Amino acid sequence: MATLRLAQVAFARSGDKGDSANVALFAPDRATYDVLAEQITPARVRELMGAFVTGEISVHPVANVLALNVVMRGALGGGGPASLRADNLGKALGGALLRLPVDVPDDLADHLGRREPAPRDPYAEADWPLR
Amino acid sequence: MSTVRIAGGQGFYGDAPGPLADVLAEEPAYVCLEALAELTLSVLAKDRARDESLGYTRDLPLYLLELMPAVLAGRTKVITNAGGINPVAAARMVSQAADRFGFSGFTVATVLGDDLRGRPEILPAGFPDADALLFANAYLGARPVVAALEAGADLVITGRVADAALFLAPLVHEHGWSWDDWDRLAAGTVVGHLLECSGQVTGGNHAGRWWDVPDPWRFAFPLADVASDGTAEIFKPADAGGRVDFDTVRQQLLYEVHDPAAYLTPDVVVDMTTLTLADLGADRVRVSGASGAPRTGSYKVVGATADGYAAEASIAFGWPDAEAKARAAADIARKRVAVAGLAVDDWHVELFGVNALHGPAVPLHPAGQSDLAEVVLRLAWRCADSDTCAQVARHIVPLGLSAPPPGLTPANRARPRPSTQLALHTGLVDAAAVDPDVGVHVEEV
C-alpha cells in the first residue's frame, strides 16, 4: 500500500450554490474510482476543511462517470454576495480537497503516482504573434 | 431521426461574445445566452436600486450585434435570460438598440411572471418581508419559452428562467416532446446543463492537464446535435481552440450539482447516474441514457435583502518574515479600529501565499514560521453603515509609515470603497401559484 495525495490520482472542479460548495472528484479509471469511493468520506473531508465548512457534508457516488460529488454546506462564508472571502464562490476549494492523502494498492500506485506538474510557462513555445 | 443543433453563446454576465463567430459558422438553429448566476441577480438588484430602468445584463447588445445578421437571415433564433430582474426593460433596450443599428423585421418575445415581489402571500415561510426584498424571483422552466417560440419569436428574453431550461425549450419545441416525457425532458436538461457555462465544457476551467488544451486564445463555445430520442453529441467549432472529450464533459456534468441522482429543475427531476458519456474522438462526446422523474411542482425562489456594507484592502510584504509582517499588520489595524470605537461586525483576514484559498486544509509550516518570498495580506470588513465602513480604511493606509512592520507595499492601489452586502434567501414556492402570472409578451420590431 502506498500513500498518495489525491492530486496524484484525481482531478477536481468546484462550484457554488448559495452558501454551499460542491467539489466533483474525477478518477482516471474504475480501480481508482473504487479506492476513492471507499476512502473519501464526509468525516475525512470535515477533518481536512476544519472551520472553513460549518454545515453538513455529503459524498455522492457517480460511478457512471467515475466521479464522487462532495457537497459542503456552509462552505463559503455566507455565499456569493454575503461572503468576505476573496474566493466567495469556492472556485479554489477543489484544489483544497486534492490535498487529502489516499492509500492506494502498490500496483495501482505504480501506475498512477506519476502525475506530471504543469510546465512552468506552458505557452512559452506557442506561435507568436498569435494566429 | 431528426436532430436539432443548439449552441451555448454565453456562460455568465462577464463572458465575451468573441467565440460566437466560430459558433455561427456551424449554423446552429438556436443560440442560447445564459447570463444569470445566482450572484448576478444581486449585481442587477444594485443596478435597479439606482435606476428603475436597469436590472438586466447590460452586455446583451454586444451578443446581439454578433447574432442579428444570422437571426435576420432566418438561420438562427436566440434565447436568453439576460432580462434578469427586469426583462421588460431589457426588451425596451433591445428595440431601441435595433432602431439605432437599423435592424428590423424580427419578433421579440418577453417572458414575464418570475418576479414575486408583488406576491408576498406565496413566498416561503420565514422569507423576509416583501418591502425588504431587493428582488425575489422564481426559477421558471422551459414552458413559457416554448410558448414564445410557438408565437414565432426570433429572440426570446426572459427573467429568471432556469439556466438549462433555456436550452431544453427549443428541443421540446422542435421535437414535440410532451411535458410528461420525463426521460426526454431529462436528456434535454442535461444537454442544457452541459452547454450553459460556455467554455467550461470545451476545456475551460479544466482540472486535468489544462496546459494541453489547444489554442486557448481562440476558445470554443459549445454546440450540441440533439436527436428526437434525446441522444446528443456535444462538439465544438472545428476551427476554434479548446477541447471536447470525456474529461471536459464529465467536469461540466457535475458542475454546481448537489445530488446527481436527483437534480431538481423546474421541468423534471434528472438522474445523471444512469447516463453514458461516449468519447467519439475528434472533439465529440455522445450523451445518452439520462433518466427523469416527475417535476416536483415547486419552483426555487431566490431573494435578497440588504445586509450592511463591506470593503477590503490588500497589502504585500516581502522576505524576510513576510508572513509575520502580514499577521502583525492585520492585528495592528484591527486594534486601532477597535480603539477608535468603530463598530465592525465582521473582520476577515486572508494571507495570500499562505492559506487564503485553502484555509485550514493547508498544514501549518513545521518550523512554526514560513520562509516565503512574499505574502499578500487581504483584510475585509463588514459594518452596518457605509460611513463606518469607509472610516475603517483610514486606519489601514497609515500603517505604511506609522507601524513597525517594514516594507508595506500597496497590492491594490484603489482606495477601499464600501460596497453593499446582500443576504441571500432561498426557498420553494408552489408552481401552481406562480404559473397563472407567467406570460409571454410578443412584439414585432
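Placed above this text is the structure.
Bear in mind that the values here come from a model prediction, so they are computed numbers and not experimental data. (Residues numbered from 1 in each chain as written. Chains lettered and ligands numbered in written order. Predicted model: local features only at pLDDT ≥ 70, side-chain atom pairs only at ≥ 80, totals over all residues. Heavy atoms only, no water.)

*Asks:* Would you mind going over the interface of chain B and chain A with me for this structure?
*Replies:* Listed per partner, the contact involves 55 residues of chain B and 54 residues of chain A. Here chain B packs against chain A, burying approximately 4500 Å² in sum over the two surfaces, 60% of which is carbon and sulfur. Joining chain B to chain A, the criterion identifies zero salt bridges. Of all the elements in the fold, those that place two or more residues in the side of chain B that touches chain A are α2 (38-50), α8 (246-253), β14 (298-318), β15 (346-352), β16 (374-383) and β18 (419-430) of chain B. Here the side of chain B that touches chain A takes six residues from α8(B), the largest share from any one element. For the side of chain B that touches chain A, a count of residues per class yields 29 nonpolar, 14 polar and twelve charged. (Contact = heavy atoms within 4.5 Å. Buried area = accessible area lost by both parts, 1.4 Å probe. Salt bridge = Lys/Arg side-chain N within 4 Å of Asp/Glu carboxyl O. Helix = DSSP H or I, 4+ residues; strand = E, 2+ residues; numbered from the N terminus. Nonpolar A, V, L, I, M, F, W, Y, C, P; charged D, E, K, R; others polar.)

*Asks:* Any chance you could explain the pattern of salt bridges here in plain terms?
*Replies:* Where charged atoms from two side chains of opposite charge approach closely, those side chains can pair. Residues and elements named next belong to chain B. As enumerated under the stated definition, the model contains 23 salt bridges over all chains in all. Measuring nitrogen to oxygen at the nearest pair gives 3.2 Å for the salt bridge that ties Lys 300 to Glu 38. Linking Lys 300 in strand β14 with Glu 38 in helix α2, this pair joins segments that are 262 residues apart in sequence. In this structure Lys 300 comes out as partly exposed when scored by relative accessible area, which is 24%. Between Arg 119 and Glu 121 there is a salt bridge, and its shortest N-O distance comes to 2.9 Å. Classification of Arg 119 as buried rests on a relative accessible area of 18%. Where salt bridges share partners, they join Arg 5, Glu 26, Asp 225, Glu 233 and Arg 284 into one cluster. (Buried < 20%, exposed > 50% of the residue type's maximum accessible area, 1.4 Å probe, protein only.)

*Asks:* Is there a simple way to explain helix α7 (residues 182-195) of chain B in this structure?
*Replies:* Helical geometry note: an α-helix holds 3.6 residues per turn, so side chains three or four residues apart project in the same direction. Residues and elements named next belong to chain B. An ideal rise of 1.5 Å per residue puts 20 Å on 14 residues; α7 measures up with 20 Å between its terminal C-alpha atoms. With respect to burial, α7 is a largely interior element, twelve of its 14 residues being buried. Inspection of α7 places Trp 182, Leu 185, Ala 186, Ala 187, Gly 188, Thr 189, Val 190, Val 191, Gly 192, His 193, Leu 194 and Leu 195 among the buried residues, and these make up the whole buried set. (Expected span 1.5 Å × (residues − 1).)

*Asks:* Mind showing me how you'd approach the sheet that holds strand β13 (residues 291-293) of chain B here?
*Replies:* Within a sheet, adjacent strands bond to each other through the backbone by hydrogen bonds, running parallel or antiparallel. Residue and element names in this part refer to chain B. Spatially, the three strands line up as an open sheet ordered β9-β10-β13, and their pairing is antiparallel. Only two strands of the sheet have a single partner each, and these edge strands are β9 (263-264) and β13. Judged from the two bridges that link them, β9 and strand β10 (residues 269-271) form a sheet pairing that is antiparallel. Looking at the pairing, Tyr 263 lines up with Val 270 of β10. (Pairing = 2+ DSSP bridges.)

*Asks:* Just checking my understanding: could you explain the packing of aromatic side chains for this structure?
*Replies:* Geometrically, a pair of aromatic rings is defined through the distance of the ring centres and the angle of the planes. All names here are of chain B. In this structure the tally under the stated criterion is five aromatic pairs over all chains. Here the aromatic rings of Trp 347 and Trp 381 are separated by 5.8 Å at their centres, their planes lie at 50 degrees, and the arrangement is tilted. With Trp 347 in strand β15 and Trp 381 in strand β16, this pair connects stretches of sequence that are 34 residues apart. We note Arg 284 situated over the ring of Phe 235; from NZ or CZ to the ring centre the distance is 4.3 Å. Against the face of Tyr 139 rests Lys 300, its NZ or CZ located 4.7 Å from the ring centre. (Phe/Tyr/Trp six-rings, centres within 6.5 Å; stacked < 30°, edge-to-face > 60°. Lys NZ or Arg CZ within 6 Å of the ring centre and 35° of its normal.)

*Asks:* What am I meant to see in the sheet that holds strand β2 (residues 11-17) of chain A here?
*Replies:* Residue and element names in this part refer to chain A. Strand order in this open sheet of four strands is β2-β3-β5-β4, and the pairing throughout is antiparallel. With one partner strand each, in any of the chains shown, β2 and β4 (57-62) form the two edges of the open sheet. With direction set aside, neighbouring strand axes in the sheet form an average angle of 20 degrees. Here β4 runs beside strand β5 (residues 67-72); their pairing, made up of six bridges, is antiparallel. Following the sheet pairing, Ser 58 is matched in β5 by Val 71. On top of the sheet, helix α2 (residues 30-39) reaches β4 and β5; it is set at about 25 degrees to β5, its chief contact. (Axes fitted to C-alpha atoms, helices over the stretch in contact; angles between N-to-C directions.)

*Asks:* How do you make sense of the pairing of strand β1 (residues 2-5) of chain A when you look at a structure like this?
*Replies:* Two faces, one strand: in a regular strand the side chains alternate between the faces of the sheet. Residues and elements named next belong to chain A. Residues Ala 2 and Leu 4 point to one face of β1 and are all buried, whereas Thr 3 and Arg 5, pointing to the other face, are not buried. Of the pairings in the sheet, the one linking β1 to strand β6 (residues 101-104) comprises four bridges and is antiparallel in character. Note that in β6 the partner of Ala 2 across the bridge is Val 104.

*Asks:* What's the story with the nonpolar core in this structure? I'm lost.
*Replies:* As a rule of thumb, soluble globular proteins bury nonpolar side chains together. Grouped together as the largest cluster of nonpolar side chains are 111 residues, with contacts concentrated most on Ile6(B) and Leu254(B). Judged by nonpolar contacts, the second largest core, of 37 residues, contains Ala10(A), Ala12(A), Val45(A) and Leu100(A). (Core = buried A, V, L, I, M, F, W, Y, C linked by side-chain atoms within 4.5 Å.)

*Asks:* How do you make sense of a nonpolar patch on the surface when you look at a structure like this?
*Replies:* Taken together, the side chains of Tyr123(A), Trp210(B) and Trp217(B) make up a nonpolar region of the molecular surface, amounting to roughly 290 Å² of accessible area. Along the chain, Tyr123(A) turns up in the segment after α5 (106-112). (Patch = residues over 30% accessible without salt bridge, like charges linked within 9 Å, V, L, I, M, F, W, Y side chains within 5 Å. Areas by Shrake-Rupley, 256 points an atom, 1.4 Å probe, with all protein chains shown as cover.)

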